[in-house]
Amino acid sequence: MHTIAAWSFATIAVALAPLSRSWQSPRPSARSCRSPRRRRGVVRTGVATDYCVQTLGCTLEDAVRAEAKMLPQVANSVRRDKAEVVCAELRAKLGLSDHEMRKLVLRVPTVLTLNMDKNVNPKLDWLQERLDLSRDELKKICLTLPATLAYSVDKNLEPKLSYFEHELGMSPQEIRSKIISMPARLGYSIEKRYRPRLAAIRATAGADPAAVIDRIRAADAEFCKRTGVSIDTLRREQARVR
């Protein structure tokens, strides 16, 4: 009798085992076991953040926000020794204070990965000579528009300055003055911003071509209002370059 009872109990236990396992909490998946640094929405921190905090004196919050601006592969390429060289040479080249160095890196943290000898120094020398800039004027451009440090001379800077001269009819002195007063003018696209607006100006009687560069920051509606250009005319010119 005891044998039959024991056998029945064992049989019931085996039968219920799968059910008891299903009642247990599921094991965490490989995805849920990942480090928080790899989850979507969690901000990575790495060499860039450490360098900004430990060397440049940035707050942790600002440093993390700056690193988050970089693509993962770019952030992973940041090396402390290279960052030291970049910042040291930029300080010497532009006469940057600690505050100005922090400001530049926080706005465009990819500067920490730039090659000073092959790209940045030749570019700054070229721009300084091309626009006859003092060191303070060159510094103003770089601090106001840090992306200048990454712009290509052949594909961006020279074509843009030549466009101002040949298409807008500006003298070298006028170009120099406009860029120093508002360095952001170097940041707008010829194809998407300057050319459509100039074409719309030329199609409008009495409109002044100088407004193309003077009002480059204005939104389309404001630009048209200030220049007398029809918004339909501007839209037509914009469609031609899309």
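Small disclaimer: the values here were computed from a predicted structure and weren't measured.

What counts as what
- Along each chain, numbering runs from 1 in the same order as the chain's sequence is written.
- Per-residue local features of the predicted model are confined to residues with pLDDT of at least 70, and side-chain atom pairs are confined, for both listing and counting, to 80 or more; whole-chain, interface and lining totals are unaffected and use all residues.
- Just so you know, side-chain values use all the structure's heavy atoms and leave hydrogens and water out.
- Secondary structure elements are defined from DSSP: runs of H or I of at least 4 residues count as helices, runs of E of at least 2 residues count as strands, and each element is numbered from the N terminus.
- Contact between two residues is taken to exist if any of their heavy atoms lie within 4.5 Å; hydrogens are not considered.
- Only the protein chains shown count as cover for residues, and the accessible areas themselves come from Shrake-Rupley with a 1.4 Å probe.
- Two axes enter the bend calculation: one fitted to the seven residues ending at the residue in question, the other to the seven starting there, and the bend is the angle between them.
- For every residue, the accessible area obtained with a 1.4 Å probe (protein chains only) is divided by the maximum for its type, and the residue is called buried under 20%, exposed over 50%, and partly exposed between those limits.
- A 3.5 Å cut-off defines polar contacts: any pair of N or O atoms within that distance qualifies, except that in protein one atom must be a possible hydrogen donor and the other a possible acceptor, and neighbouring residues in sequence count only when both atoms are side-chain atoms.
- Across the chain, each position has a pLDDT score giving the predictor's confidence in that residue, from 0 to 100.
- For this analysis, a nonpolar core means a set of buried residues of the types Ala, Val, Leu, Ile, Met, Phe, Trp, Tyr and Cys, connected via side-chain atoms within 4.5 Å.

J.: It is not clear to me how the overall build of the protein chain should be interpreted in this structure. Could you clarify?
T.: A tally of regular secondary structure across the protein chain gives 14 helices and zero strands. Along its sequence from the N terminus, the protein chain presents helices and strands in the succession α-α-α-α-α-α-α-α-α-α-α-α-α-α. For the protein chain, contacts bridging at least 24 residues in sequence account for 64% of all contacts bridging at least 6. As presented, the protein chain carries roughly 14600 Å² of accessible surface, and 53% of it is formed by carbon and sulfur atoms.

J.: Explain helix α9 (residues 153–166) here, please?
T.: Since one α-helical turn is 3.6 residues long, residues separated by three or four positions face the same way. Of all the bends found along α9, the most pronounced is centred on Pro159 and spans about 30 degrees. Those residues of α9 that fall on the buried side of the exposure criterion are Val153, Asn156, Leu157, Lys160, Leu161, Ser162, Tyr163 and Phe164. Taken together, the buried residues of α9 touch α7 (116–131), α10 (172–181), α11 (190–202) and α12 (211–214). The N-terminus of α9 is capped by Ser152, whose side-chain oxygen sits 3.3 Å from the backbone nitrogen of Asp154.

J.: Explanation requested: the environment of Arg107 in the structure shown.
T.: Note on placement: Arg107 falls in helix α6 (residues 98–107). Judged by relative accessible area, which is 40%, Arg107 ranks as partly exposed. Note: C-alpha distance between Arg107 and Leu143 (36 residues apart in sequence) is 9.1 Å. Excluding residues within four positions of it along the chain, Arg107 makes contact with Lys69, Leu143, Thr144 and Pro146. A polar contact is formed between the side chain of Arg107 and the backbone oxygen of Leu143, at a distance of 3.0 Å.

J.: How do you make sense of the environment of Leu60 when you look at a structure like this?
T.: By the element assignment, Leu60 lies in helix α3 (residues 60–68). Here the alpha-carbon distance between Leu60 and Thr49, two residues eleven residues apart in the chain, equals 7.4 Å. Setting aside anything within four residues of it in sequence, one finds Leu60 in contact with Thr49 and Val53.

J.: How should I be thinking about the confidence of the model for the protein chain in this particular structure?
T.: In low-pLDDT regions, the fine details of the predicted coordinates are not to be read closely. Mean pLDDT for the protein chain: 86, with 82% of residues reaching 70 or above. Within the model, the stretch residues 1–42 combines pLDDT values under 50 with seven contacts to residues more than four positions away or in other chains.

J.: How do you make sense of the nonpolar core when you look at a structure like this?
T.: When a protein is soluble and globular, its nonpolar side chains tend to lie buried together. The biggest cluster of nonpolar side chains holds 65 residues, and the ones touching the most others in it are Leu90, Leu149 and Phe164. Not counting chain neighbours up to four residues away, the residues in contact with Leu149 comprise Leu90, Leu104, Val111, Leu114, Val120, Lys123, Leu124 and Cys142.

J.: Any chance you could explain α6 here in plain terms?
T.: If you check which residues of α6 are buried, you get Glu100, Met101, Leu104, Val105 and Leu106. Contacts from the buried residues of α6 go to α2 (47–54), α3, α5 (80–94) and α8 (135–144).

J.: I'm lost on unusual backbone geometry in this one. Help?
T.: Notably, Asp132 is not glycine yet its phi reads approximately 55 degrees, a positive angle. When you line up the elements, Asp132 lands in the loop between α7 and α8. Take Asp132: its relative accessible area is 58%, and that puts it in the exposed class.

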